[in-house]
Structures are given as C-alpha cells and as structure tokens.
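Given next are the chains, with one letter for each unit.
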Amino acid sequence: MEKETAVNQSHQPELKNPNAALKNKVKFFLFSAIGIFMFFVPVTVNEKSSIMLDHIVTAIQTSIPAAVPYYALLIIMLGAIYPFYTKSWNKNKVNIVFSIFKVIGLFVAIMIVSGYGPDWLFNPSMGPFLFDKLVVPVGLLVPIGSVFLALLVGYGLLEFFGVIMQPIMKPIWKTPGKSAIDAVASFVGSYSIGLLITNRVFKEGKYSIKEAAIIATGFSTVSATFMIVVAKTLGLMEIWNTYFWTTFAVTFIVTAITVRIWPLRSMSEEYYNGQQPPMESFSGSRLQEAWKEAMDTAAQSPVLWKNIRDNLKDGIVMTMSILPSIMSVGLLGLVLAEFTPVFDWLGYIFYPFTALVQLPEPLLAAKASAVGIAEMFLPALLAAEAALATKFVIGVVSVSAIIFFSALVPCILSTEIPITIPQLLVIWAERTILTILIAAPLAYILL
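Residues numbered from 1 in each chain as written. Predicted model: local features only at pLDDT ≥ 70, side-chain atom pairs only at ≥ 80, totals over all residues. Heavy atoms only, no water.

Per an unreviewed UniProt entry, the chain goes by Nucleoside recognition membrane protein YjiH and derives from Cytobacillus firmus.

Visitor: Just to check I follow, could you spell out the overall build of the chain for this structure?
Guide: Within the chain, the secondary structure is distributed over 21 helices and two strands. By the compact-globule yardstick of 22 Å for 447 residues, the chain fits well, its C-alpha radius of gyration being 22 Å. For the chain, the spread of C-alpha atoms along the three principal axes comes to 70 × 50 × 50 Å. By residue count, 52% of the 447 residues in the chain fall in the buried class. Within the chain, residue pairs in contact and separated by at least 24 positions form 76% of the contacts whose partners lie at least 6 positions apart. With the model as given, the accessible surface of the chain reaches about 19,600 Å², and the carbon-plus-sulfur share is 66%. Across the chain, 29 positive and 27 negative side-chain charges occur, with their mean positions spaced 6 Å apart. (Helix = DSSP H or I, 4+ residues; strand = E, 2+ residues; numbered from the N terminus. Rg over C-alpha atoms; globule rule 2.2 N^0.38 Å. Buried < 20%, exposed > 50% of the residue type's maximum accessible area, 1.4 Å probe, protein only. Contact = heavy atoms within 4.5 Å. Areas by Shrake-Rupley, 256 points an atom, 1.4 Å probe, with all protein chains shown as cover. Lys, Arg positive; Asp, Glu negative; His and termini not counted. Charge placed at Lys NZ, Arg CZ, Asp CG, Glu CD.)

Visitor: Got a minute to help me understand the packing of aromatic side chains in this structure?
Guide: To describe a pair of aromatic rings, one takes the distance between the centres and the angle between the planes. With the rule as written, the count across this model stands at 20 aromatic pairs. Between the aromatic rings of Y243 and F392, the centroid separation amounts to 6.2 Å while the plane-to-plane angle is 75°, which identifies the pairing as edge-to-face. Residue Y243 is located in helix α12 (residues 240-258), and its partner F392 is located in helix α19 (residues 388-400); the two are separated by 149 residues in the primary sequence. Neither residue differs from the other here; Y243 and F392 are each classed as buried. Put simply, the rings of W173, F219, W240, Y243, F244, W245, F248, F252 and F392 pair up and form one aromatic cluster. (Phe/Tyr/Trp six-rings, centres within 6.5 Å; stacked < 30°, edge-to-face > 60°.)

Visitor: What is the right way to look at the packing of helix α2 (residues 18-40) against helix α13 (residues 286-300) in this model?
Guide: To describe two helices that pack against each other, one gives the angle between their axes and the distance between the axes. Running from N to C, α2 and α13 point in directions that differ by 100°, and their axes come no closer than 9 Å. The orientation of α2 relative to α13 falls into the category roughly perpendicular. In this structure, α2 contributes N24, K25, K27, F28 and F29 to the contact, and α13 contributes W291, A294, M295, A298 and A299. (Axes fitted to C-alpha atoms, helices over the stretch in contact; angles between N-to-C directions. Parallel < 35°, antiparallel > 145°, perpendicular 65-115°, else oblique.)

Visitor: What is the right way to look at the packing of α2 against helix α6 (residues 127-153) in this model?
Guide: Where α2 contacts α6, the axes come no closer than 7 Å and their chain directions differ by 135°. Judged on the interaxial angle alone, α6 and α2 are oblique. Relative to α6, α2 is oriented so that their crossing is left-handed. Residues F31, S32, I34, G35, I36, M38, F39 and F40 of α2 form the contact with α6, whose participating residues are G145, F148, L149, L151 and L152. Of the residues in the contact of α2 with α6, the class split is 10 nonpolar, three polar and no charged. (Left-handed = near helix turned anticlockwise from the far one by under 90°. Nonpolar A, V, L, I, M, F, W, Y, C, P; charged D, E, K, R; others polar.)

What follows is the structure, encoded as structure tokens:
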C-alpha cells in the first residue's frame, strides 16, 4: 500500500502534496549530484587527476598497505567457498569449471601473499601483476563503488537520462537511453562498475537479455585510468587526447556494427524472470516526461541506508566472484602468452586484416591483437617497440575489443546476463577485426 500511495502521489500535482514533492526533488538533486561527483568529476589530489572513487581506493591502499592483501585474500577465499555454500557449483558445465578455477585462484592467491611458490609465479608480469594491478584495485573499487552507485542510479537520474537519450541510443545501439549511464561509467570509472550497473538494471526488468548483452560486451570497456597505463606503455602520452578520443569513437562505432550481426543480433528480447518490458511511450514534452519519470522513481525509492545495503551486498557478491577468477583464469592466459605459441597461432586469424590495412609489422600487430583475449594490457607489452601507427592501432584494439579473460569475462559471467563463453569469443573476434579495419585508416590520417 505504501508503494502504491507513493506512486499515486508522484503523479499528482505538486501543490496537493508540496512536502512529498520537495522531498523527491531533494533526493533527486542531492543524491544524484553526489553520485555524479564520485563517478564522473575529475579531481586533482596529490598531483594526480582522477575521479573521487579512484582517490578513495588509492587512499585505502596507501594508508593500510599491509592489510589490503589480506583483505583481498579473504574475499578470494569467500568467493572460492561461495558456489559450494550456495550449491550452485554444479548447476551447469560453466559453473563447474569456474568453481574449480576459483579454488585454484585461492591457492594461487595464498602463494602470492605468503611468498611461497614456484619462481615463475613471482615474475613481476605474472602473479604480482595480477594481484597488485587487478585483484587489489578491483577488490576495493567494486564494493566501495557499489555504495555510491546506490546514489547514482537509485533516485531518478537513470530514468531522467533514459528518456532524454532514447532518440540517440535506440536507433544506433539498440539499447535504452539509460544505457548511456553505463557507457560513461565504464569509461570514467571501471568496467566492473559499468557491469554492476548493468546487472542491477537488468534484474530490475529495465533491460532485455539482448540489451544487457549489448551493454556488457559493447560499453563495459576499461576506464580512462587503465587507458593511461596502456598509453604510457606504448609511448602515446604525447598524443593522449588523440588516442583517447579515437578509442572512444572507435569503441562505439564497433558496438553499433556488432549489434547488427550474430550473435548479438539473434539474442533473446525477453526480460529477467519473465518481467514485462518497461513502458517507453509518452505524449508531450520529452523533458517533462523525463522529469516525471525521475520524480516517480524518487518517490518509490527505498530508505537511503537500505538502498546502500542492497547495493553493497550485490557489490561484495560480485567481487567474491571476480577476484578468484582473475587469479586463476587470468594467470592461465598470462602463462599461455609467455610460455606457449598459442597466441602466435591465434594471431594468424587477424594477420589478413593487419596486412590489408598495411600496418608496419603486420604479424606482430596480429599476435598483439590476439593476446588481448587473455589480458588487455598484454597487447601493449608486445607492441611497445613497434612503429607508431602499429602502437596506436594496438592501443585502440586493447580497449575497443573489450572482452578479456583475466577480468572482464569473469565479471560478465558473475552477472545474471545469460551469455555464453563461445558467444563472448565470437564477439571478441568481431570487435578486434572491426577495430583494426577502422582504427588503422584513422591512425594514418591523425598521426
């Protein structure tokens, strides 16, 4: 009854219930502003410019450096136990495989933290790289980000931009307007945060299976912070703006193409647990409808502490799923790249395309493109000494390809979005080929 009353009040003229209307406006503006500030506004702290969420994570890492590895190890241990505790480990073949990998990830993490294990594991580009550069930041970022995510998406901002952006997002990317929030959150925040938003909105019945899959594989790329690391490795910081905006544009152009080809084109239009599609038609001003949707959501929103609690719970469960997978699947990818010719062979898939666009050292570019499926930083390491055009294209590919096994694939599989590993591999190959074909001519024009 309370929810129904809130909905009815939100549709009544504000003069009839001025206190409730004012409260909804305050919630919308105040909480949304805090969320925007935490996720999207760059702030300079100690000569480092980044979003506040990143500064908080950095502050925690630097203030209690001795405790952070043990926190990450605890999360990994809980993540390894969780599938067996919930009896979901043998739900299907994928669950069985990843549950085993999570246990392996726990043993790897114990070796890294304790300092006992084979020498090759402690190579800086192996275990320490995964643990320090991926596990620890993601382990802090997702739970802390989920707290502020409650403010960003729980009080009407998502619905407001959803209505405003609908004429752009739907025709080009086949997704609702509100997915623009996901896209921006990934680029300025993190793919893990973007997927947290996607999964939350999908479970609420606001994205279809197809829309959630498009967003997860087309928008949830690494953040600008990760891109800086790639640019530094490739020596592209002198042309940072060119690199960033080219990558941004190419990523979304590629997504606009992949939504029109298999497998994304053929995915189900159904909603989570058979929910009904959200109503998107309206009459009158789009701005007025956006405002009404925002106020409706603010009126129905839960108490702040409950919203934060629910989002924090989702964030912790997702973190528990991601971290042990990074330590096992990610390590496997790095081992294959370092000690086997697997990625040399895989590179021949892309060689015709790197040769077609006449990249310098096309075979090297093809191998670097292929190795990105294991970990998105690896292409930059392989192409660090290549010609400028090749470095530029590989830098774009490593971001625009989006899908990699060390972190993003476990992130996607930890959500409720029903997408399979074979489908992810096909989408990765499509994105990599398209990025090479689009980014290479741009490199020749811009550099």
